[in-house]
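# Report on the structure
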Amino acid sequence: MGMKRMVVCLLATAGFVAADKDVTELQIGIKHKPENCEKKIEKLDKVAIHYTGKLVDGTEFDSSLKRNKPLEFIIGKGAVIQGWDLGLLGACVGEKRKLKIPPHMGYGDTGIGDDIPPKATLVFDVEVMDIERK
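Presented here is an overview of the structure given in this document. Note that the structure is predicted; figures quoted are calculated from it, not measured.

### With respect to the side chain of histidine 50
In this fold, histidine 50 is placed in strand S2 (residues 46-55). For histidine 50, a relative accessible area of 10% corresponds to the buried category. Among the polar contacts listed, one links the side chain of histidine 50 to the side chain of serine 64, at a separation of 2.7 Å. Ignoring sequence-local partners within four residues, the contact set of histidine 50 consists of Ser64, Leu65, Asn68, Lys69, Pro70, Asp125, Val126, Glu127 and Met129.

### Thoughts on the state of the cysteines
Per the counting criterion, the structure on display carries one disulfide. Each sulfur in the disulfide pair cysteine 37 and cysteine 92 lies 2.5 Å from the other. Linking cysteine 37 and cysteine 92, the disulfide has an S-S dihedral of approximately -130° and is accordingly described as left-handed. Of this pair, cysteine 37 sits in the loop between strand S1 (27-32) and S2 while cysteine 92 is found in the loop between helix H2 (82-87) and strand S5 (96-101), placing the two residues 55 residues apart along the sequence.

### Quick look at the pattern of salt bridges
This structure, assessed with the given rule, holds nine salt bridges. For the salt bridge of arginine 133 with glutamate 42, the shortest nitrogen-to-oxygen distance reads 3.8 Å. With arginine 133 in the segment after strand S6 (122-132) and glutamate 42 in the loop between S1 and S2, this pair connects stretches of sequence that are 91 residues apart. Taking relative accessible area as the criterion, arginine 133 reaches 38% and is therefore assigned partly exposed. Each of Lys31, Lys98 and Asp125 takes part in salt bridges that share partners, so that together they form one network.

Calculation criteria
Residues numbered from 1 in each chain as written. Predicted model: local features only at pLDDT ≥ 70, side-chain atom pairs only at ≥ 80, totals over all residues. Heavy atoms only, no water. Helix = DSSP H or I, 4+ residues; strand = E, 2+ residues; numbered from the N terminus. Buried < 20%, exposed > 50% of the residue type's maximum accessible area, 1.4 Å probe, protein only. Polar contact = N/O pair within 3.5 Å; in protein donor to acceptor, adjacent residues only side chain to side chain. Contact = heavy atoms within 4.5 Å. Disulfide = S-S within 2.5 Å. Salt bridge = Lys/Arg side-chain N within 4 Å of Asp/Glu carboxyl O.

Everything listed here is a matter of geometry and, on its own, says nothing about what the molecule does.
The following block contains the structure:
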């Protein structure tokens with residue numbers, strides 16, 4: 001590959017990453033939706049979710065798949081970050097979504113531990129495994 005072409009590719013990639021870092025609103029992409037969707041997630045449902053979390057540069061920071069155990073929690077009670085509480089509403093069992101979560105709906109100005117830096121946009125691939133309504 002010529003040097004000029006490589007520089008253009010690198011600049012294009014840098015622009016894509018920069019654009020992702022500027023995410024200011026929750027972005028929900030539906031990757032797969034089952035044909036039969038009888039029950040959709042509502043506030044206060046107990047859900048089981050498989051997920052893989054990454055930073056916008058592709059660095060993976062966590063995955064329930066590696067533990068072979070979905071995360072269980074109640075939607076809308078603040079047990080997870082706001083981007084999840086809002087980004088999973090309306091999803092059904094078997095649905096797969098990509099959530100791009102801006103910092104203010106994730107871990108904000110502080111980040112968390114060594115894996116998620118301050119002001120990080122988060123990208124989650126999620127799959128709804130179960131919905132339990134009370």
